[in-house]
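Per-entry structural report
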Amino acid sequence: MILCLPGAVLPVHAWAGPDTVLFYTHPADKWENAFPAGNGRLGAMVFGGTAEEQIQLNESTYWSGGPYSTVVKGGREALPEIQRLLFEGQYKQAHVLFGRRMMGYPVEQQKYQALANLVLSFGGGGEISEYRHELDLDTAVIRTSYAQGGVRFAREVLVSPVHQVVAVRLSADQPGRISFTAQLRGYRNTAHSNYATDYFQMSSHGTDGLVLRGKSADYLGVAGKIRYEARLRAMAKGGTVRVEDDVLSVTRADEVTLVIGAATNFVNYKDVSGDPAARVDAAMNAASGLSFQAMKQAHIREHQRLFRRASLTLPATENSKLPTDERLKAFDGSNDPALAGLLFQFGRYLLISSSRPGGQPANLQGLWNKDMNPMWDSKYTTNINTQMNYWMAEAANLSECSEPLFRMIRELTDQGTETARAFYGARGWVQHQNTDLWRVTAPMDGPSWGAFTTGGGWLVTHLWEHYRYTGDEAFLRAYYPVMKGSAEFYLDFLRPEPKRGWLVTNPSTSPENFPAGPANVKFFDEVTTMKTGTSLTVGSTIDMEILRELFDEVAEASSILGVDEALRGRLLAARAKLAPLQVGRKGNLQEWLEDWDETEKSHRHISGLWGLYPGHEISPRGTPEFAKASQVVLEQRGLPGNGWSSAWKAACWARLGNGAKAMENVHYAVGHYTTTSLFSLCSNAMQVDGSFGVSAAILEMLLQSDGGEIRFLPALTQALSSGTATGLRARGGFEVEFQWKPGGLERATLVSHLGKTCRIRTPGSYSVSSGGRPVVVQRPEPGLIEFATKPGESYLLVRADAGSGR
């Protein structure tokens, strides 16, 4: 029994870090409310139990199946007929033919798997008091402490990116009081128990350890090729350690450190020849010679190298002192501004923990998964979710955390090239709406989902965004062939729409949204075995928006690199012929080529607004008509959806300069689609995309840098009327910190990494200096200042009356 009054606040740490600490006064009640830790490869979910502690473990390369291909030969032979049917409005017939001839096989993809559970069982009894379970985002250490029977117990858990192990320290304030048993338990796909082929074996390892070995499941006819090993070693001060079969027992120790290593045989998406035992040996041998304190110091130093680059400090209130679960319940959108800082930093923490150079990208659940059949397979959904995971990476000063995404994009060109040739008779490469560890690219799930052909084009825009923030020409040169290959696919794939002559994608979908009208005649679908309409159409708005930006980006990249002048001309000529944005009869930005309504009023996807955010085609100043039409769509969709949908809508409202509406969507996400551990929810399943997306939306409220200019506080709301941000990045190679008060921006410091001209749009009068000397400033129009910069120099922007005591 844990003694803790509702709303009680512990005195020792309660006010520490309202923007960097999550804490409970009770253990996590379920998996999604446990606290996450990770090093980009190994993940842990920590519950904080007292009678029994569970630390659930993942390894990013433990998936079902093995290297395989979903490319089916001959699909391109059916493509002309599908295109004819769609141009003629025969949507059902096109859907059926696509399902028969252009789906990948298998029709589904592989699953991310759960690895193990470390279960610690503690003897004794008695009431628990002074309980606290906390995650410190600044140190990436999870700590559980409580008093029982006159003894204060503490546990610390970290997942080290330096030593590649999970480390657990158990301690007490009296000697000889640490006793427990430990078991390293495996997972098996019990839902498929009569035919699944995965297995695990639990054993002792030496006199002070446990080992778990296993194999992945065959799935969809693909042989399970992953082999894994997880190993635990106990190092005790005082007391005894013994092992019997698959149980390790510690008795009357003063302090115990548990070190857990895990690895698979995965080398890359085509190679599973690694030696998991040798990999675990290397990590365990290196870590076992170190004290917990030494591992912890190295871990914190490496974590803070990334985490402390950026901060967001917002006013704290009495509600900011509450345990996180109570704090979320009490939040009304304005009574705890510091919560926005915590949400922002939690997204950064998740990205550091789940996506590090050399590892896998963050999947639907990031790195953390407890199921052998997770929702949507916990894979990479590339019609919004994978991309959203990385929206804030550059601006939040975590650029290198995108390396796994960039490497996956390059790897997708392998089967993507085969898919382009076999399904479309096209050059280049294509990626549809999902992929997995094995980098398959063909249409999957069913025609209404799988026919999204611009997943790859969308991914490529992340490569260009990296260049825009960093100016890294070596990176651009290295990835230019990937960008070029994507653009070449669309040049071959586009077709003239018969009535208006515009170039359009055919087939096309607006992800997962079924339009009302002729396409929505219900029929029984051969692929999904559901009675459904179809989302297949031509020239969806999101396709056109993505391709306009993609063609611009590849053309500009070719110019910067001095290559492919002829291709540049073809891209710009095709761009000019793409179907334009259109405003519908209700004043809305049309989602489809035709002025169709939606069948679902509050559909979670707002794909037609891609050009507003994350794209850059629509803006209140540059395209006021389309900005207004975008607002109509956002108002029509309203607040319901899911976690990532709320985040996307918040970011769109921020681009429109409406901070109140942006915060309204953040508040709605907190109240409806957020776990007490700050993970996002989608159909009641944990996902990380919404957590990342909320971070990105909060960033957009405070700093924007599209259109060749920096805008401070472009969507400020009364709830965030004052604060300080440091270490944020702006396009053009600028790093910024700034302070603001209810009257607006007070001062900002900008470091120019590339020496480009700095343009800042902000109301009010500001002076600019560098090294204490005034900088010559041009004012080409009201509210816009610009000045030349030098690489490595710092520039101070100060409000003219900032020192007046306002």
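Before reading on, note that the structure itself is shown above.
Nothing here was measured: the structure is a model prediction, and the numbers come from that model.

**Some thoughts on helix α10 (residues 455-470)**
Count 3.6 residues to each turn of an α-helix, and residues three or four apart come out pointing the same way. With 16 residues, α10 ought to run about 22 Å at 1.5 Å a step, and its terminal C-alpha atoms sit 24 Å apart, in line with that. Just downstream of α10, G471 is the residue with a positive phi angle, here 65°.

**With respect to the side chain of E512**
Examined against the element boundaries, E512 turns out to sit in the loop between β21 (503-504) and β22 (523-524). A polar atom in the side chain of E512 sits 2.8 Å from the side chain of R604. Setting aside chain neighbours within four positions, we find E512 in contact with N383, W449, H603, R604 and H605.

**A look at the packing of α10 against helix α12 (residues 541-561)**
Contact geometry for α10 and α12: axes closest at 9 Å, N-to-C directions at 40°. Of the possible angle classes, the one that applies to α10 and α12 is oblique. Two packed elements cross with a definite hand, and for α10 against α12 that hand is left-handed. For the pair formed by α10 and α12, the contact residues are G457, W458, V460, T461, W464 and Y467 on the first element and I542, I546, L550, E553, E556, A557 and I560 on the second. A per-class count over the contact of α10 with α12 returns nine nonpolar, two polar and two charged.

**A look at the sheet that holds strand β31 (residues 758-761)**
Reading across from one edge, β26-β27-β31-β35-β34 is the order of the five strands in this open sheet, with mixed pairing throughout. What marks the edges here is a single partner per strand, and that holds for β26 (703-704) and β34 (778-781). Pairing of strand β27 (residues 710-712) with β31, which is carried by two bridges, proceeds in the parallel orientation. Residue pairing in the sheet places R711 in a bridge with R761 of β31.

**Remarks on the pattern of salt bridges**
Applying the stated rule across the entire model yields 56 salt bridges. The salt bridge involving R468 is made with E465; its shortest N-O contact spans 3.1 Å. Of this pair, R468 and E465 both sit in helix α10, three residues apart, roughly one helical turn. By relative accessible area, R468 is classed as partly exposed at 22%. Of the charged contacts in the structure, one is a salt bridge between E598 and R637, with a shortest N-O distance of 3.5 Å. Placement of the pair is E598 in the loop between α13 (565-577) and α14 (624-637) and R637 in helix α14, with a sequence separation of 39 residues. By relative accessible area, E598 is classed as partly exposed at 22%. Look at the salt bridges and you will find they share partners, linking R621, D706, E709, R711, R761 and E781 into a network.

**Examining the pairing of strand β9 (residues 166-172)**
Taking burial as the measure, the seven residues of β9 include five buried ones, the bulk of the element. In the sheet, strand β8 (residues 151-159) pairs with β9 via seven bridges, with the strands oriented antiparallel. Considered in β9, the bridge of V157 is made with V168. Remark: six residues form the turn of the hairpin made by β8 and β9, two consecutive strands paired antiparallel; Q164 in that turn has positive phi of roughly 55°. Pairing analysis gives six bridges linking β9 to strand β16 (residues 255-264), with the strands arranged antiparallel. Counterpart to R169 in the pairing with β16 is T257.

**Thoughts on the packing of helix α15 (residues 643-655) against helix α17 (residues 689-702)**
Two elements in contact, α15 and α17, have axes separated by 8 Å at closest approach and are oriented at 10°. Taken together, the axis directions place α15 and α17 in an arrangement best described as roughly parallel. As for the relative orientation of α15 and α17, their crossing is left-handed in sense. Here G643, W644, A647, A650, A651, A654 and R655 of α15 lie close against α17, whose contacting residues are D689, G690, G693, V694, A697, E700 and M701. Tallied by class, the residues present in the contact of α15 with α17 amount to eight nonpolar, three polar and three charged.

**Thoughts on unusual backbone geometry**
With an omega of 0°, the peptide bond between Y105 and P106 qualifies as cis. For P106, the position within the fold is in the loop between α2 (91-101) and β5 (116-122). Across the junction of N506 and P507, the peptide omega takes the value 5°, indicating a cis bond. Looking at the secondary structure, you find P507 in the loop between β21 and β22. The backbone of S683 shows a phi angle near 50°, a positive value even though the residue is not glycine. Secondary-structure assignment places S683 in the loop between β24 (680-682) and β25 (685-687). With relative accessibility at 51%, the residue S683 sits in the exposed group. The phi angle at N684 is positive, at roughly 70°, despite the residue not being glycine.

How each quantity is defined
- Residues numbered from 1 in each chain as written.
- Predicted model: local features only at pLDDT ≥ 70, side-chain atom pairs only at ≥ 80, totals over all residues.
- Heavy atoms only, no water.
- Helix = DSSP H or I, 4+ residues; strand = E, 2+ residues; numbered from the N terminus.
- Expected span 1.5 Å × (residues − 1).
- Polar contact = N/O pair within 3.5 Å; in protein donor to acceptor, adjacent residues only side chain to side chain.
- Contact = heavy atoms within 4.5 Å.
- Axes fitted to C-alpha atoms, helices over the stretch in contact; angles between N-to-C directions.
- Parallel < 35°, antiparallel > 145°, perpendicular 65-115°, else oblique.
- Left-handed = near helix turned anticlockwise from the far one by under 90°.
- Nonpolar A, V, L, I, M, F, W, Y, C, P; charged D, E, K, R; others polar.
- Pairing = 2+ DSSP bridges.
- Salt bridge = Lys/Arg side-chain N within 4 Å of Asp/Glu carboxyl O.
- Buried < 20%, exposed > 50% of the residue type's maximum accessible area, 1.4 Å probe, protein only.

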